Amino acid sequence: MEHMRVPLVDLTRQYAQVRPEVLEAIVRVCDRQQFILGAEVEQFEQALSARLGVNAAIGVSSGSDALLLALMALEAGPGDEVITTAFSFFATAGAIARLGARPVFVDVDDSYNLDPAAVGAAITRRTRAIIAVHLFGLCADMDPILAAARAAGVPVIEDAAQAIDATYAGRPAGRLGDIGCFSFFPSKNLGAFGDAGLVTTDDPALARRIRLLRTHGAETKYHHQLVGGNFRLDALQAAVLHAKLPYLSAWTSRRRERAQRYTRLFEASGLSSAIALPVEPCRRRHVYHQYVVRTDQRDALRAHLAARGVETAVYYPVPLHLQECFAPLGYGPGDFPRAEDAARTTLALPMYPELTDNEQEYVVDAVAHFSTECATL
Ligand SMILES: *Cc1c(COP(=O)(O)O)cnc(C)c1O
């Protein structure tokens, strides 16, 4: 096959599809000159709360700030523990530490998500919340996590940054726990033209607190009930996201179809058992924010693909408990062997709705070529 270049993600293809609607939305905001919160943000919030079936959807400045606001609303602070996974993007744990609370890490299961048994075992009197991450677009095993949390009276925050449109037992990510946090970072499954995020909840008191905290704790200007921050969603981002929203279901279907096709092609290529493909446990709809394979030869596979023009990424090379900034927490290598193994062996392949048949075949050929080579070593 002739040499191709397959990017890890290519946002220009999606933009070509939505360009007229998005530009119209941007011009509308420019013509109105109303940039902070307002009608655009409210309409987007209403569309999202209807889509997810939650009482409140609150547009915020980023996914990281969504997590921070969720924890601020639950009054997490010094002396508190917040249980979360050792294998996620940094923001999940950063939000906990920024508030002076202690991240309590637990190991992952085979789906790279929180191991429910480990969550139950980590709950103490000091546990203020649990943050379950739906990594790569697959929901964590929420039923046993929620059961352990409910038994202890601890609220559950979902980090659904990678999981918009994912479901667990028919329910959407973002309405499985007490508070849901979404990111609309440009490369997420629904991406803004900059930073943006969303917090969801069914609890009216929490919704009210989160809205207050979003605007420096003031409902009436210059009268501050709480110490919050500037966590507002821009009208421009809301308008762009709202214009893209009607496409999301089709994009999600297409990601799933592309993922299933990757898996079929890999299986047909006689891929060696040394490379494991992603799995979709029953009752969970995976939205494939990433299509992640794993192999002991990860770094060699990555170099082999790069030499053939296939861009890949490692999410994430260092598990959270081994991050330099968390050294004071006292964790060390060997504490969470499955998270450490995931950090060492996983590789994300190019994945987006617009990925072509040719590109997929080229990627699969390149991986299969490596896999037969390393099987004979
Ligand atoms: C992207 C992401 C975030 C942070 O979202 P931003 O919008 O980039 O701040 C948090 N958690 C996870 C799992 C993410 O993938």
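Here, every reference points to the structure presented above.
Rules used in this analysis
Residues numbered from 1 in each chain as written. Predicted model: local features only at pLDDT ≥ 70, side-chain atom pairs only at ≥ 80, totals over all residues. Heavy atoms only, no water. Near = heavy atom within 4 Å. Polar contact = N/O pair within 3.5 Å; in protein donor to acceptor, adjacent residues only side chain to side chain. Areas by Shrake-Rupley, 256 points an atom, 1.4 Å probe, with all protein chains shown as cover. Helix = DSSP H or I, 4+ residues; strand = E, 2+ residues; numbered from the N terminus. Nonpolar A, V, L, I, M, F, W, Y, C, P; charged D, E, K, R; others polar. Pairing = 2+ DSSP bridges. Phe/Tyr/Trp six-rings, centres within 6.5 Å; stacked < 30°, edge-to-face > 60°. Buried < 20%, exposed > 50% of the residue type's maximum accessible area, 1.4 Å probe, protein only.

A. Broad picture of the site of the ligand. Lining the immediate environment of the ligand, one finds 15 residues, of which Ser64, Asp159, Gln162, Ser183 and Lys188 sit closest. At 2.8 Å, a backbone N or O of Gly63 approaches an oxygen atom of the ligand. At 2.6 Å, a side-chain N or O of Ser183 approaches an oxygen atom of the ligand. Protein coverage of the free-state accessible area of the ligand, which is 380 Å², stands at 93%. Looking at the shell around the ligand, the elements with two or more residues in it are α3 (63–73) and α4 (90–98). Considering every element that reaches the shell around the ligand, the biggest residue donor is α3, with 3 residues. Residue classes in the shell around the ligand are distributed as 6 nonpolar, 7 polar and 2 charged.

B. Layout of the sheet that holds strand β6 (residues 167–168). With antiparallel pairing, the 3 strands of this open sheet are ordered in space as β7-β6-β10. Only two strands of the sheet have a single neighbouring strand rather than two, namely β7 (171–172) and β10 (284–285). The pairing of β6 with β10 spans 2 bridges and is classified as antiparallel. Paired with Thr167 across the two strands is Arg285, which belongs to β10.

C. The packing of aromatic side chains, seen in detail. Counted according to the given criterion, the structure contains 17 aromatic pairs. Here Phe44 and Phe184 contribute two aromatic rings whose centre-to-centre distance is 5.6 Å and whose plane-to-plane angle is 75°, an arrangement assigned as edge-to-face. Taken together, the positions of Phe44 in helix α2 (residues 39–52) and Phe184 in the loop between β8 (179–183) and β9 (197–201) put the pair 140 residues apart, joining distant regions of the chain. Exposure class is identical for Phe44 and Phe184. Each is buried. Aromatic rings pair up to connect Phe87, Phe89, Tyr112, Phe136, Tyr315 and Tyr316 into one cluster.

So, to be careful, I would describe these as geometric facts and stop short of saying anything about function.
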